[in-house]
Each structure stands twice: as C-alpha cells, then as structure tokens.
Amino acid sequence: MKIRLAALLAMFLLAGCYMVSYEDVSRDPKYASYVGAEYRTTADMTVYRVSMDQNYGPSPSVYMIVPPPGFDGPEVISTARFPEGSTVKILTIQRCTDCFLDTEPRVHATVRVTSTTQFDDLEVRADLGLLSSHMQAMRRADPGSTSPSQ
C-alpha cells in the first residue's frame, strides 16, 4: 500500500515535467473579447525561442514573450529583444487541457507581432496575464468578432 501511495505521489509531482496540450478557447465568452485586440508593450521584454524537444533540439520550438527577469536553461534556443512600444495583435486564446496541478488555468494568447517583421510566420505566445501587467490595449476587438483569422 505504501509503495502504491509513493508511486502515485511521484506521478503527481512529475506531472509538471511533461508536454502539455492546449485547446482553442477563443470563442469562449470569457476570452472572446481578446481576439483581434491590439496591445503595445509598456516595458522592455524578451522573446524566447524555447525547445519543446525533450532533448532540447531546435525543433519543435515555440516563441514566448516574457517580461524581466526572464529565465535561462538548456531549453532556451535563442532570445531577441522586445522593446517597450512593440505591438502585437491577438489571434487566438489557448487554455491548457491537462495542467491538473495548476492552481489557476494556464492560458496564453497566440499573437502576431505587428511592430517588426522579425517574427512573421512564427507562432508567438504571450501569457494572458502579461496583457494586463506589461501591455496596454491600443484597440479592442470588434464586438462579436471572434475569428482567429483576423
């Protein structure tokens, strides 16, 4: 019985160390107002290219906008400065479907960087909380418009 309990506990503790899945919640009334909105950064930040490969290879990878102090580790493939005043447009809102140990839902916005072409054709993510803490809304999405293709 103790062995099973220890194995179960270990499984839950290691649950945060695996690849997670996300679902598009852009049409959910709680998040729909973000889609199509444009934001400007109010502080210098960094765009991190992060490996999603367990062996930290270059593919697959994601790009994430992160405020200071940022982070470091073998998963970081590259970094790029994202200066104050940079702009983004929200394309979709994604919520984690299997982040069972999180105390709050893990939600991020997929954005198109509009202030530079450096990230064209790349999926760039920003934590949803970053929009209110380090960005200022420039233009809100049109009411009733939740199409991710805006």
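Just so it is clear, the structure is predicted and the values come from calculations on it, not from any experiment.

Caption draft 1: Molecular detail of the packing of aromatic side chains. By the definition in use, this model includes two aromatic pairs. The interplanar angle of 20 degrees and the centroid separation of 4.4 Å between the aromatic rings of tyrosine 48 and phenylalanine 71 together place this pair among those described as stacked. Within this pair, whereas tyrosine 48 is found in strand β3 (residues 45–51), its partner phenylalanine 71 is found in the loop between β4 (61–66) and β5 (76–82), the two being separated by 23 residues in sequence. Tyrosine 48 gets classed as buried once you look at its relative accessible area, which sits at 6%. Judged by relative accessible area, phenylalanine 71 falls into the partly exposed class, the value being 30%. Look at tyrosine 63 and phenylalanine 119: their rings are 6.2 Å apart centre to centre, the planes differ by 65 degrees, and that puts the pair in the edge-to-face class. On the criterion of sequence distance, the pair formed by tyrosine 63 in strand β4 and phenylalanine 119 in the loop between β7 (107–113) and β8 (124–127) is long-range, its members being 56 residues apart. Exposure remark for tyrosine 63: the relative accessible area of 15% places this residue in the buried category. Since its relative accessible area comes to 7%, phenylalanine 119 is described here as buried. The ring of tyrosine 22 is capped by arginine 125, whose NZ or CZ atom sits 5.5 Å from the centre of that ring.

Caption draft 2: Here's a closer look at the pairing of β7. A large share of β7 lies buried, amounting to six of its seven residues. In this sheet, β7 lies alongside strand β6 (residues 87–96) in antiparallel orientation, the contact comprising seven bridges. Its bridge partner being in β7, glutamine 94 is matched across the sheet by histidine 108. Direction of pairing for β7 relative to β8: antiparallel, over a ladder of four bridges. The residue of β8 that forms the bridge with histidine 108 is aspartate 127.

Caption draft 3: Structural detail: the nonpolar core. Core analysis: the largest hydrophobic core is formed by 25 residues, its most contacted members being Ile65, Phe82, Val88, Ile93, Phe119 and Met135. Counting residues per element, the ones that place at least two in this core are β3, β4, β5, β6, β7, β8 and α2 (128–133). In terms of residue count, β7 provides more of this core than any other element does, four residues in total. Apart from the residues lying within four places of it in its own chain, the contact partners of phenylalanine 119 are Val47, Tyr63, Ala80, Phe82, Val113 and Val124. Counting five residues, the second-largest nonpolar core is a separate cluster that includes Tyr48, Val62, Val66 and Val76.

What counts, and where the lines are drawn
- Residues numbered from 1 in each chain as written.
- Predicted model: local features only at pLDDT ≥ 70, side-chain atom pairs only at ≥ 80, totals over all residues.
- Heavy atoms only, no water.
- Phe/Tyr/Trp six-rings, centres within 6.5 Å; stacked < 30°, edge-to-face > 60°.
- Helix = DSSP H or I, 4+ residues; strand = E, 2+ residues; numbered from the N terminus.
- Buried < 20%, exposed > 50% of the residue type's maximum accessible area, 1.4 Å probe, protein only.
- Lys NZ or Arg CZ within 6 Å of the ring centre and 35° of its normal.
- Pairing = 2+ DSSP bridges.
- Core = buried A, V, L, I, M, F, W, Y, C linked by side-chain atoms within 4.5 Å.
- Contact = heavy atoms within 4.5 Å.

By themselves, these figures tell us nothing about what the structure is for.
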